[in-house]
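Residue strings, one per chain:
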Amino acid sequence: MLTNYLADIEQLLSEHRWDAALREALDLPPIAVALADPQLRSSSERVKTWCGEWVRAPETDREPKRLERVYRVLCERLGDRAACESVPARALRRLRLHRLTRTLPGGFTSEHPAAADAQGAGEMEICCALMEAACRWYANSACRDANVQANLARLALLH
């Protein structure tokens, strides 16, 4: 399910649909936080903590501003929902629906499509940072987390 979601973001980036890709990518931190919670709840504070742990600058980045940009965009998106805990229902519904719309992809390439303009480059950087963070999170933590696995199974069973 998560693999399909990430593949769809990569497809949107390949098609230069920056806004749609960014919208989907910005849902990754609330989805990850909710999946790790027994009640599927998320809060802006927990999303920021997740980003602090999993979003990292690449080793080749001499000026690690990536996390700052991701935080700024996330904070703008989260707005006034500061510490309010809620279920990110729309994001989880879209995650669940992605399992129905695609066949399993063969994998991800390490190269991302080049952005044609400055806006696309900024949005692509944020999308890639969040996608890489989600992959790191799943591989290093979520694949062994009983709450995450139970919640993914629950979502897969919903109609």
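The shown structure was predicted, so the numbers you read here are calculated from the model rather than taken from an experiment. Within every chain, residues take consecutive numbers counted from 1 along the sequence as written. Local features in a predicted model are, by the rule used here, given only for residues with pLDDT of at least 70; side-chain atom pairs are given and counted only at 80 or more, and totals for whole chains, interfaces and linings are based on all residues. Each side-chain value is worked out from all heavy atoms of the structure, with water and hydrogens disregarded.

J.: Describe the packing of helix H1 (residues 2-14) against helix H2 (residues 18-26), naming the residues involved and giving the relevant values.
T.: Describing two packed helices takes the angle between their axes plus the distance from one axis to the other. Only the stretch in contact is used when fitting a helix axis, every axis being a line fitted to C-alpha atoms; angles between N-to-C directions are given from 0 to 180 degrees. Helix and strand assignments come from DSSP, with helices taken as H or I runs of at least 4 residues and strands as E runs of at least 2, each series counted from the N terminus. Running from N to C, H1 and H2 point in directions that differ by 155°, and their axes come no closer than 8 Å. The angle between the axes of H1 and H2 places the two elements in the roughly antiparallel class. As H1 packs across H2, the resulting crossing turns out to be left-handed. Of H2, the residues touching H1 (which contributes Tyr-5, Ile-9, Leu-12 and Leu-13) are Trp-18, Ala-20, Ala-21, Glu-24 and Ala-25. Between 65 and 115 degrees an angle is taken as roughly perpendicular, under 35 as roughly parallel, over 145 as roughly antiparallel, and anywhere else as oblique. If you view the pair so one helix is near and one far, a crossing is left-handed when the near helix is turned anticlockwise from the far one by less than a right angle, and right-handed when it is turned clockwise. Note on contacts: a residue pair is in contact if any heavy atoms of the two residues lie within 4.5 Å.

J.: Which residues make up the side chain of Asp-37, and what are the values?
T.: Tracing the chain through its elements places Asp-37 in the loop between helix H3 (28-35) and helix H4 (44-54). A polar atom in the side chain of Asp-37 sits 2.9 Å from the backbone nitrogen of Gln-39. N or O atoms within 3.5 Å of each other form a polar contact, as long as, within protein, one can give a hydrogen and the other can take it, and as long as residues adjacent in sequence are counted only when both atoms are side-chain atoms. Among the polar contacts listed, one links the side chain of Asp-37 to the side chain of Arg-46, at a separation of 3.5 Å. Apart from residues no more than four positions distant in its own chain, Asp-37 is found in contact with Arg-46 and Asn-151.

J.: Let's hear about the environment of Arg-41: which residues, and what values?
T.: With respect to the helices, strands and loops of the structure, Arg-41 is situated in the loop between H3 and H4. In sequence terms Arg-41 and Pro-30 are 11 residues apart; their C-alpha atoms lie 8.6 Å from each other.

J.: An account of unusual backbone geometry is requested, with residue identities and associated values reported.
T.: Most peptide bonds take the trans form, and the phi angle of most residues other than glycine is negative. The backbone of His-16 sits at a positive phi, close to 60°, despite the residue not being glycine. Within the secondary structure layout, His-16 lies in the loop between H1 and H2. If you check the backbone angles, Leu-40 has positive phi at about 60° while not being a glycine. Here Leu-40 lies in the loop between H3 and H4.

J.: Please set out helix H8 (residues 146-157) residue by residue, giving values where relevant.
T.: Relative to the 16 Å expected for 12 residues at 1.5 Å per residue, H8 spans 17 Å between its end C-alpha atoms, a close match to the ideal helical length. Categorising residues by exposure relies on relative accessible area from a 1.4 Å probe, with only protein chains included: less than 20% of the type maximum marks a residue as buried, more than 50% marks it as exposed, and the intermediate range marks it as partly exposed. The complete set of buried residues in H8 reads Val-148, Asn-151, Leu-152 and Leu-155. Axial view of H8: buried residues confined to an arc of 100°, hence all on one face. Exposed side chains of H8 directed beyond 90 degrees from the buried face belong to Ala-146 and Leu-157. For H8, the N-terminal capping position is held by Asp-145, with its side-chain oxygen 2.7 Å away from the main-chain nitrogen of Asn-147. Helix span, as expected, comes to 1.5 Å for every residue beyond the first. Directions drawn from the helix axis to the C-beta atoms are what define this arc.

J.: Please provide a residue-by-residue account of the packing of aromatic side chains, values included.
T.: For Phe, Tyr and Trp, where Trp contributes only its six-membered ring, two rings pair if their centres lie within 6.5 Å, and the inter-plane angle classes them as stacked under 30 degrees, edge-to-face over 60, or tilted in between. Under the definition given, this model contains 2 aromatic pairs. A centroid spacing of 6.3 Å and a plane angle of 70° characterise the contact between Trp-50 and Trp-137, whose relative ring orientation is edge-to-face. With Trp-50 in helix H4 and Trp-137 in helix H7 (residues 118-140), this pair connects stretches of sequence that are 87 residues apart. For Trp-50, a relative accessible area of 7% puts it in the buried group. Between the aromatic rings of Trp-137 and Tyr-138, the centroid separation amounts to 6.3 Å while the plane-to-plane angle is 70°, which identifies the pairing as edge-to-face. Residue classification places Trp-137 among the buried positions, given a relative accessible area of 4%. Chaining the aromatic ring pairs together yields one cluster made of Trp-50, Trp-137 and Tyr-138.

Nothing here speaks to function; it is all geometry.
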